[in-house]
Amino acid sequence: MPKHCGPQAISPEAPRDCRLCPRLAAFRDACRADEPSWFNAPVPSFGTTQARLLIVGLAPGLKGANRTGRPFTGDYAGELLYATLLEYGFAKGSYGADPADGLQLVECMISNAVRCVPPQNKPTPAEIANCRPFLAARIGALPELSAIMALGRIAHEQTLAALALKRAAFPFGHGARHGLNDRLTLFDSFHCSRYNTNTGRLTPKMFQEVFKAIRAHLS
């Protein structure tokens, strides 16, 4: 853990000027120079602090959340995610791919394993580890939390590490459900990326089935 990230120093959200990861900070700087109107900073979590469900993605997309400043907003993955959240009652309003669209999450929060956009959407193991204290703090700051949904293997493994749990005890698999402790249940899904949906690795029905299981769990 970075030496200035002791337990008392960590907030659930990374500071806007976070420089823990030199490569990611440099990439943000370059993006800011090219697109000064974009958000170009660690993307904060979106949703209510009374969330019963926390959705953990991989990292902000370059032209999605890195541009708009809201997780899964402005890229293809957000179209499927927010449509499904609306269908299962975890959101209200309408999704307009814009933070000003008025969309609100209901008993739900969305965050990312890595808060800054990585080049080629591929964070390094060190960058994932550097961001882990923020996820641990985010989980710890949600008093009503009962379910976590991991979108992809990295989000799954980052969640387990944030909770100091062993990967071998909770293998990743689409549709898998893991009782982590007497409070939290982890639900796994393939990431709702364009690549996964275009190749058929993840269909809308497969994605909806995970949300159906989460809704039943919370009920």
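So, a few notes on the structure that sits alongside this text. This one's a predicted model, so the numbers in the text were calculated from it and none came from an experiment.

### Let's talk about helix α4 (residues 125-140)
Phase 1 of the analysis: Counted at 1.5 Å a residue, the expected span for α4 with its 16 residues is 22 Å, and the 23 Å between its end C-alpha atoms agrees.
Phase 2 of the analysis: At R132, α4 shows its largest kink, close to 35 degrees, and the proline P133 lies no more than four residues downstream.
Phase 3 of the analysis: Where α4 is concerned, the buried positions are E127, I128, N130, C131, P133, F134, L135, A137, R138 and I139.
Phase 4 of the analysis: Packed against the buried residues of α4 are α1 (22-34), β2 (53-57), β5 (108-112), β6 (147-151) and α5 (153-162).

### Quick look at the sheet that holds β5
Phase 1 of the analysis: Pairing is mixed in the open sheet, where six strands are placed in the order β1-β5-β2-β6-β8-β7. Bordering the open sheet on either side are β1 (46-47) and β7 (177-179), each of which pairs with just one other strand.
Phase 2 of the analysis: Pairing analysis gives three bridges linking β7 to strand β8 (residues 185-189), with the strands arranged antiparallel. Counterpart to R177 in the pairing with β8 is F187.
Phase 3 of the analysis: Against the sheet, helix α3 (residues 76-87) makes contact with β1, β2 and β5, and its axis sits at roughly 160 degrees relative to β5, the strand it touches most.

### Remarks on the pattern of salt bridges
Phase 1 of the analysis: Counting across every chain of the model gives eight salt bridges.
Phase 2 of the analysis: Here R138 ties to E13 by a salt bridge, and the two come within 2.8 Å at their closest N and O atoms. Of this pair, R138 sits in helix α4 while E13 sits in the segment before α1, and the two are 125 residues apart along the sequence. Each of the two residues, R138 as well as E13, counts as buried.
Phase 3 of the analysis: One salt bridge in this structure joins E107 and R52, with 3.8 Å as the shortest N-O distance. With E107 in the loop between β4 (104-105) and β5 and R52 in the loop between β1 and β2, this residue pair connects regions lying 55 residues apart in the sequence.

### Observations concerning the side chain of E13
Phase 1 of the analysis: A distance of 2.9 Å separates polar atoms of two side chains, one belonging to E13 and the other to S45.
Phase 2 of the analysis: Of the polar contacts made by the side chain of E13, one reaches the side chain of R115; its length is 2.8 Å.
Phase 3 of the analysis: Apart from residues lying up to four places away in sequence, E13 is in contact with V43, P44, S45, R115, F134 and R138.

### Some points on the packing of aromatic side chains
Phase 1 of the analysis: Overall, the coordinates contain six aromatic pairs when judged by the stated rule.
Phase 2 of the analysis: In textbook terms, an aromatic cluster arises when at least three aromatic residues are bridged by ring pairs, as seen for Y88, F90, F207 and F211.
Phase 3 of the analysis: Here R201 stacks its cationic end above the ring of F190, 3.9 Å away from the centre of that ring.
Phase 4 of the analysis: It is R215 that lies over the ring of F90; its NZ or CZ is 3.9 Å from the centre.

### Topic: the pairing of β6
Phase 1 of the analysis: Within β6, five of the five residues are buried, leaving the element largely enclosed by the surrounding structure.
Phase 2 of the analysis: Residue alternation in β6 divides its side chains into two sets, A147, M149 and L151 and I148 and A150, and both sets are buried.
Phase 3 of the analysis: In the sheet, β2 pairs with β6 via four bridges, with the strands oriented parallel. Each bridged residue has a counterpart across the sheet, and for L53 the counterpart in β6 is A147.

### Points about the environment of R177
Phase 1 of the analysis: Positionally, R177 belongs in strand β7.
Phase 2 of the analysis: A C-alpha to C-alpha distance of 9.3 Å links R177 and M149, two positions 28 residues apart in sequence.
Phase 3 of the analysis: Excluding residues that lie within four positions of it along the chain, R177 makes contacts with T185, L186, F187 and H217.
Phase 4 of the analysis: At a separation of 3.2 Å, a polar atom in the side chain of R177 contacts the side chain of H217.

Reading the values: rules and limits
- Residues numbered from 1 in each chain as written.
- Predicted model: local features only at pLDDT ≥ 70, side-chain atom pairs only at ≥ 80, totals over all residues.
- Heavy atoms only, no water.
- Helix = DSSP H or I, 4+ residues; strand = E, 2+ residues; numbered from the N terminus.
- Expected span 1.5 Å × (residues − 1).
- Bend = angle between axes of the 7 residues up to and from the residue.
- Buried < 20%, exposed > 50% of the residue type's maximum accessible area, 1.4 Å probe, protein only.
- Contact = heavy atoms within 4.5 Å.
- Pairing = 2+ DSSP bridges.
- Axes fitted to C-alpha atoms, helices over the stretch in contact; angles between N-to-C directions.
- Salt bridge = Lys/Arg side-chain N within 4 Å of Asp/Glu carboxyl O.
- Polar contact = N/O pair within 3.5 Å; in protein donor to acceptor, adjacent residues only side chain to side chain.
- Phe/Tyr/Trp six-rings, centres within 6.5 Å; stacked < 30°, edge-to-face > 60°.
- Lys NZ or Arg CZ within 6 Å of the ring centre and 35° of its normal.

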